[in-house]
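# Geometric and topological summary
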Amino acid sequence: MLWKNEKQRVLQLLKNNFSEAPLLAWMYQGIFFAYQLKLSYQLKNKIIWNIRQSNFRPNQIKQKTLLYLFGLWSRWVSPKIIYCAHAAQKTHRQFLFSKTQNRVIQNRLAKKKDNHVADNSQLPQRFLLFVGRYDPIKGIDRLFRITSHFFREFPYYKLVIAGNGWDTKIIPEDIAVSVMLLGQVSNVNILYQKADCYLFTSYFEGFPNVLV
């Protein structure tokens, strides 16, 4: 639901159906908006802060001052905080953010400990790239349809797939010889740099890290 279009329905659900559900507030504007909602409409929902990394240049005095104010506010309200990276947690603690209830939850591809590193020497000379777990929402049918047509005209290309949940049994027979499954890798930058084309076939994404 979109708040701008369905304001009354959102409020009704938060008050009557999901009064115990926490509100996950994404970044500073989202955090401020969540508290506005709670105060304006007497909501009972707890608010969890969700924060990614914030980097500031030396001359961004206004932004740093506001972050200090957010930090002092966090010490007053003592919220649960989820950071998307250890660097984000370290940075915000320097700006006086509360240390009592916070945790780092990284994206799986960002974790230091992974199955293996993509080996530059083992990659095909010319290849198309797909990065993502095996999930229909990622547009797997589109991926196979595109590559099936492509390989008929350019048989010397390969399709390299990085991500969890893939198996050779999933790959259609007509393209099986042209597909390389890497599983989860810790250094996807090598793949991005070497690939001739990146295929982004998802039917839906929230805020896709691979696209960024």
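Structure: see above.
Everything in this summary refers to the structure shown in the same document.

Basis of the calculations
- Residues numbered from 1 in each chain as written.
- Predicted model: local features only at pLDDT ≥ 70, side-chain atom pairs only at ≥ 80, totals over all residues.
- Heavy atoms only, no water.
- Helix = DSSP H or I, 4+ residues; strand = E, 2+ residues; numbered from the N terminus.
- Rg over C-alpha atoms; globule rule 2.2 N^0.38 Å.
- Buried < 20%, exposed > 50% of the residue type's maximum accessible area, 1.4 Å probe, protein only.
- Patch = residues over 30% accessible without salt bridge, like charges linked within 9 Å, V, L, I, M, F, W, Y side chains within 5 Å.
- Areas by Shrake-Rupley, 256 points an atom, 1.4 Å probe, with all protein chains shown as cover.
- Salt bridge = Lys/Arg side-chain N within 4 Å of Asp/Glu carboxyl O.
- Contact = heavy atoms within 4.5 Å.
- Core = buried A, V, L, I, M, F, W, Y, C linked by side-chain atoms within 4.5 Å.
- Arc of directions from axis to C-beta.
- Pairing = 2+ DSSP bridges.
- Axes fitted to C-alpha atoms, helices over the stretch in contact; angles between N-to-C directions.

What follows concerns the overall build of the protein chain. A tally of regular secondary structure across the protein chain gives 6 helices and 8 strands. From first element to last, N terminus to C terminus, the protein chain shows the α and β order α-β-α-β-α-β-α-β-β-α-β-β-α-β. Taking 212 residues into account, the globule formula puts the C-alpha radius of gyration at 17 Å, and the protein chain, at 22 Å, lies well above it. If you line up the protein chain on its principal axes, its C-alpha atoms span 60 × 45 × 30 Å. For the protein chain, the residues scored as buried account for 37% of the 212 residues in total.

A positive phi angle, close to 60°, is found at Met 27, a residue other than glycine. In this fold, Met 27 is placed in helix 2 (residues 27-40). In this model, Ser 78 sits at a positive phi of 50°, which is unusual for a non-glycine residue. Structurally, the position occupied by Ser 78 is in the loop between helix 3 (61-77) and strand 3 (80-83).

A cluster of nonpolar side chains, namely Leu 66, Tyr 68, Leu 69, Leu 72 and Leu 96, defines an oily patch on the protein surface of about 450 Å² accessible area. In this structure, Tyr 68 sits in helix 3.

In this fold, Ser 54 is placed in the loop between strand 2 (47-51) and helix 3. Apart from residues lying up to four places away in sequence, Ser 54 is in contact with Met 27, Tyr 28, Thr 91 and His 92.

With 23 residues, the main nonpolar core has Ile 31, Ile 47, Trp 49, Ile 51, Phe 70, Tyr 83 and Phe 97 as its most contacted residues. The greatest single-element share of this core, amounting to 6 residues, is contributed by helix 2. Dropping the residues within four chain positions of it, Ile 47 is found in contact with Leu 23, Ala 25, Ala 34, Tyr 35, Lys 38, Pro 79 and Lys 80. In this structure, Ile 140, Phe 144, Trp 166 and Ile 171 belong to the second largest nonpolar core, which totals 14 residues.

So, about helix 4 (residues 86-94). Among the residues of helix 4, those classed as buried are Ala 88, Gln 89, Thr 91 and His 92. The buried residues of helix 4 occupy an angular sector of 165° when projected down its axis, which confines them to one face.

Read across the open sheet, the 4 strands follow the order 1-2-3-4; overall the sheet is parallel. The sheet is open, and its two borders are formed by strand 1 (23-26) and strand 4 (102-104), each paired with just one other strand. Neighbour-to-neighbour, the strand axes of the sheet open up by a mean angle of 25°, direction not taken into account. Direction of pairing for strand 3 relative to strand 4: parallel, over a ladder of 3 bridges. Following the sheet pairing, Ile 81 is matched in strand 4 by Asn 102. Sheet strands touched by helix 4: strand 2, strand 3 and strand 4. Its angle to strand 4, the strand with the most contacts, is close to 145°.

In short, geometric facts, not functional conclusions.
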